[in-house]
Amino acid sequence: MANSCLQLSGFLISCLGWLGIVIAISTNDWVMMCKYGLNTCKKMDELEAKGPWADCVISTGIYHCYFLTQILELPAYIQTTRALMITGSILGLPAVIICLMSMPCISLGNEAQSSKNKRTILGGVLILIVGLCGIVSTIWFPIGAHHEHGLMSFGFSLYTGWIGTIFSLLGGSILTCCSSDSSSSRSYQDNNRFYYSKQGGGNPPTAASTNHAKSAHV
């Protein structure tokens, strides 16, 4: 029961982490850039937001973005962030499906429990890869933006990416560890059951041979 609760918790946490990664890569409020104080830039309509896909200008009632379409001319940190975040978003979908089909309440025919444990571990490893892609992207991007433009503050998208990364790493670790423990304990129980069956199977012949000896003596 405890293992099932851990597996369900890991699955839900992993789903939240993957959604955080998807939201982060879909929006452009990663870093906020300004030459002056934040309030001064808002009054002067010079507050800018930068993301992997566009540079945006934030003014009163206007949110205008200039999309970064010239891929070969982009800095390395933007191209790397795009590649890693897209990879994490794509891997998250099959990982969530695999983990969902491995839940204790879902059964695929007469499937053995060991097969479900292996599938859960595979889903957990994929979720961990999603978290690794997110952590590299969300750390490298603000550092690169700071070296290129000067960083004023972090944006909503970056915080969402950090939360999604933490949830993905935590959920993937829970799924991988709880499935490994259950698999090892089950194999240990199977070995003990096989051992006791062998011991029990050897007793009847011994008793039969003893009775036969007594009858022959009489």
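Residues numbered from 1 in each chain as written. Predicted model: local features only at pLDDT ≥ 70, side-chain atom pairs only at ≥ 80, totals over all residues. Heavy atoms only, no water.

The helix and strand tally for the chain stands at five helices and five strands. Shown N-terminal to C-terminal, the secondary structure of the chain runs as helices and strands in the order α-β-α-β-β-β-α-α-β-α. Sequence separation of 24 or more characterises 68% of the internal contacts of the chain that already satisfy a separation of 6 or more. Accessible surface computed for the chain: about 12600 Å², of which carbon and sulfur atoms make up 67%. (Helix = DSSP H or I, 4+ residues; strand = E, 2+ residues; numbered from the N terminus. Contact = heavy atoms within 4.5 Å. Areas by Shrake-Rupley, 256 points an atom, 1.4 Å probe, with all protein chains shown as cover.)

Once that is clear, we can look at helix α4 (residues 113-148). Note on helix geometry: an α-helix contains 3.6 residues per turn, so any two residues three or four positions apart are oriented the same way. With 36 residues, α4 should reach 52 Å at 1.5 Å per residue; the first-to-last C-alpha distance of 53 Å fits that figure. Of the residues trailing α4, Gly 150 is marked for its positive phi of about 95°. (Expected span 1.5 Å × (residues − 1).)

Nonpolar side chains in soluble globular proteins generally cluster together in the buried interior. By size, the foremost hydrophobic cluster in this structure holds 14 residues, and its most contacted members are Trp 30, Tyr 77, Ile 78, Met 85 and Phe 141. Secondary-structure elements contributing two or more residues to this core are α1 (2-26), α3 (76-101) and α4. (Core = buried A, V, L, I, M, F, W, Y, C linked by side-chain atoms within 4.5 Å. Buried < 20%, exposed > 50% of the residue type's maximum accessible area, 1.4 Å probe, protein only.)

The next point concerns the side chain of Ser 137. With respect to the helices and strands, Ser 137 occurs in helix α4. Residue class for Ser 137 comes out buried when judged on its relative accessible area of 1%. Residues within four places of Ser 137 in sequence aside, it is in contact with Trp 30, Thr 81, Leu 84, Met 85 and Pro 142.

On to the state of the cysteines. This structure, assessed with the given rule, holds one disulfide. Left unpaired, Cys 15 is separated from the closest cysteine sulfur, that of Cys 99, by 7.7 Å. Accessibility expressed as a relative area gives 18% for Cys 15, which makes it buried. (Disulfide = S-S within 2.5 Å.)

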